[in-house]
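# Structural overview
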Amino acid sequence: MQLTEIDYAYPEHLVATQPDPNFRILYSAADLSIQEIKKSDLFNLFAPGDVLVINDTKVLKRRVFAADGIGILFINPVADETVEGSSPAAATNWQVLFPARDYKLGEKIPLPGNIQLELTGKGLPQTVRILSPSGGVAELTEDYFNEHGEFALPPYIQKARHEMHNAENDNEWYQTEWADKAGSCAAPTASLHFSKADLAELKRRGVEIVELTLHVGIGTFLPIKTENLNEHVMHKEWAYLPAQALEKIEAAKAAKKTVWALGTTVARTLESYKLGLLEKNSQGDFVGNTDLFIRPGFEWQMVDGLLTNFHQPRSTLIALVSAFTSLEHVKKAYAHAIDNKFRLFSYGDLSVWKK
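Residues numbered from 1 in each chain as written. Predicted model: local features only at pLDDT ≥ 70, side-chain atom pairs only at ≥ 80, totals over all residues. Heavy atoms only, no water.

## Some remarks on the overall build of the protein
- Regarding its fold elements, the protein presents nine helices and 20 strands.
- On C-alpha atoms alone, the protein measures out to a radius of gyration of 20 Å, which is about the 20 Å that the 2.2 N^0.38 rule sets for 355 residues.
- Across the 355 residues in the protein, those meeting the buried criterion constitute 52%.
- Look at the contacts in the protein between residues 6 or more apart in sequence, and 72% of them connect residues 24 or more apart.
- Accessible surface for the protein amounts to roughly 15,900 Å². Of this, 47% is attributable to carbon and sulfur atoms.
- Charged side chains of the protein number 36 positive and 45 negative; the gap between the two group centres comes to 3 Å. (Helix = DSSP H or I, 4+ residues; strand = E, 2+ residues; numbered from the N terminus. Rg over C-alpha atoms; globule rule 2.2 N^0.38 Å. Buried < 20%, exposed > 50% of the residue type's maximum accessible area, 1.4 Å probe, protein only. Contact = heavy atoms within 4.5 Å. Areas by Shrake-Rupley, 256 points an atom, 1.4 Å probe, with all protein chains shown as cover. Lys, Arg positive; Asp, Glu negative; His and termini not counted. Charge placed at Lys NZ, Arg CZ, Asp CG, Glu CD.)

Next up, the structure:
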């Protein structure tokens, strides 16, 4: 498949700049019909014994604005045995992502808190060293990021707002109500549509709610650069599937109940487990770094229903949704959404896909 096949045009005024509690839902049923439904209709799609799988990752404030106004996303510390997506207490060397073309190796960039960043390696990502005012090595701690960092909101939100910095309400908007395990660079945005009260209502209806973890990494910020999708290499993201959650999911599969994935991060974790990309630990949990790229032609084994946002053209995420149904049907559904002025992307409306 070629990159141009997952491209489409959209009007920029449909890019959502904040969540809407009265969000709209586009439902694609198993018979490929497309209709707008209400939240109550969505809940009625769940049957007793179904499983809804959610991601309990917590977004870190990892974008720091330098004195010259450039935004620098701190991704991973450079250290021995560093796990992508992990959150160490402190580090002196980091992988980062920022527009580094106009900066030279060895150049020092002032950061808030009276420290400097020294560019030590270019590429994607770049590598940097953190220096103290005296020129010695310094550490960046979680306290530093909590004081000076911001959420790394997607560029299309910054563009639509005409503002690079977070809004005050992003502290609430860009974190799920059940965020627990810190480690993500970006939010699992399908989850932003739901509250703990919604989960309680589904439980009341007999739906099992289970949690896993996938820490969203650098891949969500990088475009596909190969024309042939088969040549695209995904960056690895850390995933964790607890034994207790897996037991409930497999019981639902055996009973021919529906396993619903709340978001693409959940879908990738479940399918990574099934493909043997995660390792079993001594407690029976499955854990590891996954680089699974789900695209048309993929054979789904775990996920029967997918709840997700509307995704950008030419992205790995729209490729995943196209793999869940068909590229032709996704383009039809997206055209319907755009014609009917659904709000797009991270803070936008919800799409629901059922096999």
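## Concerning the side chain of His329
- Looking at where His329 falls in the secondary structure, it is placed in helix H9 (residues 327–339).
- Judged by relative accessible area, His329 falls into the buried class, the value being 6%.
- Apart from residues lying up to four places away in sequence, His329 is in contact with Ser28, Leu32, Ile34 and Trp353.

## Details of the sheet that holds strand E2 (residues 34–37)
- Spatial strand order, E2-E1-E20-E19-E16-E3-E14-E15-E18-E17: 10 strands in an open sheet with mixed pairing. Each of the sheet's edge strands pairs with one partner strand only, and the pair in question is E2 and strand E17 (279–280).
- Summarising the sheet, strand E19 (residues 305–309) and strand E20 (residues 350–354) pair through five bridges and their orientation is antiparallel. Considered in E20, the bridge of Gly305 is made with Lys354. (Pairing = 2+ DSSP bridges.)

## Overview of the pattern of salt bridges
- Counted by the stated rule, this structure contains 14 salt bridges.
- Between Arg205 and Glu201 there is a salt bridge, and its shortest N-O distance comes to 2.9 Å.
- The class of Glu201 is partly exposed, set by a relative accessible area of 22%.
- Residues joined by salt bridges that share partners form a network here, namely Asp56, Asp180 and Lys181. (Salt bridge = Lys/Arg side-chain N within 4 Å of Asp/Glu carboxyl O.)

## Describing the side chain of Thr57
- Within the fold, Thr57 resides in strand E4 (residues 57–59).
- A distance of 2.8 Å separates polar atoms of two side chains, one belonging to Thr57 and the other to Ser184. (Polar contact = N/O pair within 3.5 Å; in protein donor to acceptor, adjacent residues only side chain to side chain.)

## Looking at helix H5 (residues 196–204)
- Those residues of H5 lying buried are Asp198, Leu199 and Leu202. Seen from one end, H5 has its buried residues packed into an arc of 100°, which puts them on one side. More than 90 degrees from the buried face of H5, the exposed residues found are Ala197, Lys203 and Arg204.
- Buried residues in H5 make contact with helix H1 (39–44), strand E3 (51–55) and strand E14 (208–214).
- One or two steps after H5, the chain reaches Gly206, where phi turns positive at roughly 95°. (Arc of directions from axis to C-beta.)

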